[in-house]
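Coordinate analysis (summary)
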Amino acid sequence: MEGERKSSRATKKPQFYAPPVEVAVVRQTSDAESDAEVSKKPRGKKVKSKPKIVGGANTDTDDSDHEPAAKPVPKKSRARAPVKAKETNVPQGSLLDKVMTGKFGNREVYKSVEELKDNKVEEVAKIMNFVLLSAGAESGDSSSPCIALDQDLDGLEADEISDLLSDTIHRMDEEGVKHYPLQSTNKTTRNLRTNYRAYWLDMANELRGNGDYDKHGVAGLEALSLLVDTLVSLSGMFVTNIRDTATEAVLAIARSMTLGCVDLRGRLATCDRQLATEKSGSSRHQAIVKNRGRVDVAHKRLVGMGKNVYQSVLLHRYRDTAEAVRASCAYHMGEWISSDVLEVLKDEYLKYIGWLCSERSSTVRLEAVLAFSKIVQVSSYPTCFALL
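Below is a summary of the structure that appears in this document.

What counts, and where the lines are drawn
- Here, residues in each chain are numbered from 1, in the same order as that chain's written sequence.
- With the structure being a predicted model, the display of local features is reserved for residues of pLDDT at least 70 and the display and counting of side-chain atom pairs for 80 or more, all residues being used for whole-chain, interface and lining totals.
- Side-chain numbers come from the whole structure's heavy atoms, not from hydrogens or water.
- In this text, helices come from DSSP runs of H or I with a minimum length of four residues, and strands from runs of E with a minimum of two, each type numbered from the N-terminal end.
- Take the residue count of a helix, subtract one, and multiply by 1.5 Å to get its expected span.
- Throughout, bend refers to the angle between the axes fitted to the seven residues that end at a position and the seven residues that start at it.
- Exposed residues in this analysis have more than 50% of their type's maximum accessible area, buried residues have under 20%, and partly exposed residues fall in between, with area computed by a 1.4 Å probe over protein chains only.
- Note on ring pairs: Phe, Tyr and Trp rings are taken, using the six-membered ring of Trp, and paired if centres are within 6.5 Å. Classes follow the plane angle, with under 30 degrees stacked, over 60 edge-to-face and the rest tilted.
- We count a charge as sitting over a ring when the NZ of a lysine or the CZ of an arginine lies within 6 Å of the ring centre and within 35 degrees of the ring normal.
- Just to be clear on terms, a salt bridge is a Lys or Arg side-chain nitrogen sitting within 4 Å of an Asp or Glu carboxyl oxygen.
- Think of each axis as a best-fit line through the C-alpha atoms, taken over the contacting stretch in the case of a helix, with angles from 0 to 180 degrees between the N-to-C directions.
- Oblique is the label for any angle not under 35 degrees, not over 145, and not in the 65 to 115 range, which are roughly parallel, roughly antiparallel and roughly perpendicular in turn.
- Should the near helix be turned anticlockwise from the far one by less than a right angle, the crossing is left-handed, and should it be turned clockwise, the crossing is right-handed.
- When checking whether two residues touch, look at their non-hydrogen atoms; a contact exists if any pair is within 4.5 Å.
- Nonpolar residues are Ala, Val, Leu, Ile, Met, Phe, Trp, Tyr, Cys and Pro. Charged residues are Asp, Glu, Lys and Arg, and all others, Gly as well, are polar.
- The arc refers to the directions leading from the helix axis to the C-beta atoms.
- Buried Ala, Val, Leu, Ile, Met, Phe, Trp, Tyr and Cys residues form a nonpolar core when they are joined through side-chain atoms within 4.5 Å.

This part takes up helix H12 (residues 283-317). Taking 1.5 Å per residue, 35 residues should reach 51 Å; H12 reaches 50 Å between its end C-alpha atoms and fits that length. Taken as a whole, H12 carries its principal kink of about 35° at tyrosine 310. Buried within H12 we find His285, Ile288, Val295, Ala298, His299, Leu302, Met305, Val309, Tyr310, Val313, Leu314 and Arg317.

Structure, rendered in C-alpha cells:
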C-alpha cells in the first residue's frame, strides 16, 4: 500500500508543476531573443502610440492621416503675467498724481477747502473729476474733464448725474475698463487705496474745522453736505469702478463725521454742566446758550449726513456684486463702530459685519474679521458689550 501511494504521488506530481524541459525551452528562447527585446517596453506598461515631440512635426507618422503636432510652449512662458493697472494719462503734479504717490499733505487739503468756500461749483466739479479719474474714466477729449468745471452739481438727482456722465460711462463700458488706478497693484501705486482713504478723511476733518467749527462755519458743513450727496449718487452707478471709488470716498467721510459727532456730544455735555452752574440771565449764561446752539446745529447736521450715508450706501453696497466694494464696506464698518462704540456698538450695525464673516470671498471675510478685531480692542468695550 505504501508503495502504491508513493507511485500515485509520483504520477500526480507532473500535473501541478511545469516540466523542467518546457522551462528550459522558455529560458533558452528568452536568452536568444534578449538582444532584440532590449529596446522594447516591458509588457504590462502603457506605451505611447506616438513618440514625444520636442520640436517640429511627427516624422514617424503619415502626414496625410494626422495633422502635424503643435510646438509645445516652454514652461517659462506658461507662467501667467501679473495683471497691470490700466495706464491713464495722469498729469504731473495733479491731485491724482499726488494721491497716487502719497505726496499730498495738509496744504493741498486746506487749499481745496478754501476753494470750496470761495468757488464751490468749480471745486466740486474738480473733486468729482478726481473721483472719476481714480475709477479709470477718461473724457473723449484729453483737454477737457469728464465733468465741466462750470457744471453745478448741487441739487442734482442720481438720474440726472447719470445722464450727465452718460458719454463717460458708455465709453468705459465699451472699452471694458477692468483695472483702474484705485485697484492697481504696481509698486508705485499699490498704496493708492490707503492714500485715497486718508485724503478723504483729511478733507472731511478740515471741512468740519478739525474740532473748531467756527473756523469755516456753516460754509464748511454745506460744502461737506454737497460732497456727500454727490458721492452717494455716484455710488449707485452700474459701472463697478465708479461705485468702488465713490463708496470708498463717502465711507471715509462718514468716519470723519462719526468722530465729529463724538466731539460734539462732549461739547454739548460740557455746555450743559456750565449752564447748571451759571445764573440764568447773566451775560455768561447767554454766551453759553449761544455757543450750545451752534454746537447743537452742527451735531444735528453731522448726524443727518451720517444717516444718509448709512441708509443710502452701507445698506446697499455691503452686498454689492463687486468684491472690492464689499471689502471696503467691511473695513469702514469696523472703523465707524470703533470710533463711536457708545452710540454705534449695537446689534443693528454689528449684524452686517457678522454676515460678511460668512462671505464666499476670502478677501471680504478677512476684512470682516479684522473689523471685529478692531472693535474688541477698544479700551471701553467690556462696558459697551455689557449694555448690548
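On we go from here.
Glancing now at the packing of aromatic side chains. Inspection of every chain in the model, using the stated rule, returns twelve aromatic pairs. Ring centres 5.7 Å apart and planes at 45° place the aromatic pair tyrosine 310 and tryptophan 336 in the tilted group. Of this pair, tyrosine 310 sits in helix H12 while tryptophan 336 sits in helix H13 (residues 323-339), and the two are 26 residues apart along the sequence. Measuring from centroid to centroid gives 5.0 Å for tyrosine 318 and tyrosine 352, while their planes differ by 65°, and the two rings are edge-to-face. Of this pair, tyrosine 318 sits in the loop between H12 and H13 while tyrosine 352 sits in helix H15 (residues 347-356); the two residues are 34 residues apart in sequence, bridging distant segments of the chain. One aromatic cluster in this structure is built from Tyr310, Tyr318, Trp336, Tyr349, Tyr352 and Trp355. Just above the ring of tyrosine 331 sits the side chain of arginine 197; from NZ or CZ to the centre is 3.9 Å.

Below, the discussion takes up the pattern of salt bridges. Close approach of charged atoms allows side chains of opposite charge to pair. Inspection of the entire model under this criterion finds 14 salt bridges. Residue arginine 265 pairs with aspartate 340 through a salt bridge whose shortest N-O separation is 2.7 Å. Residue arginine 265 is located in helix H11 (residues 240-277), and its partner aspartate 340 is located in the loop between H13 and helix H14 (341-344); the two are separated by 75 residues in the primary sequence. On the basis of relative accessible area, arginine 265 is assigned to the partly exposed category, the value being 25%. One salt bridge connects lysine 374 with glutamate 335, and the closest N-O pair in it is separated by 2.1 Å. One end of the pair, lysine 374, is in helix H16 (residues 362-376); the other, glutamate 335, is in helix H13, with 39 residues separating them in the sequence. For glutamate 335, a relative accessible area of 6% gives the class buried. Beyond isolated ion pairs, a larger network of salt bridges with shared partners links Arg193, Arg197, Asp244 and Glu248.

Their axes nearest at 8 Å, the elements H15 and H16 cross at an angle of 140°. Our classification of the angle between H15 and H16 gives oblique. Viewed along their axes, H15 and H16 form a crossing whose handedness is left-handed. Contacts between H15 and H16 involve Leu350, Ile353, Gly354 and Leu356 on the former and, on the latter, Val364, Arg365, Ala368, Ala371, Phe372 and Ile375. Considering only residue class, the contact of H15 with H16 consists of eight nonpolar, one polar and one charged.

With 13 residues, helix H5 (residues 106-118) should reach 18 Å at 1.5 Å per residue; the first-to-last C-alpha distance of 18 Å fits that figure. Restricting attention to buried positions, one finds in H5 the residues Val109, Ser112, Val113 and Leu116. For H5, the arc enclosing every buried residue in end-on projection is 100°, short of the 170-degree limit, so these residues lie on one face. Looking at H5, the residues exposed on the side facing more than 90 degrees away from the buried face are Arg107, Lys111 and Asp118.

This part takes up the nonpolar core. Counting residues in hydrophobic clusters, the biggest one holds 83 residues, and the most contacted among them are Met128, Trp200, Met203, Leu227, Leu231, Leu234 and Ile242. When sequence neighbours within four positions are dropped, the list of residues in contact with leucine 234 reads Met128, Val131, Ile161, Leu165, Ile242, Arg243 and Ala246.

Turning to the environment of leucine 221, a few remarks are in order. Within the secondary structure, leucine 221 is located in helix H10 (residues 217-234). We classify leucine 221 as buried; its relative accessible area is 6%. Through-space distance from the C-alpha of leucine 221 to that of arginine 301 is 7.8 Å; in sequence the pair is 80 residues apart. Residue contacts for leucine 221: discarding those within four places in its chain leaves Leu207, Arg208, Ala298, Arg301, Leu302 and Met305.

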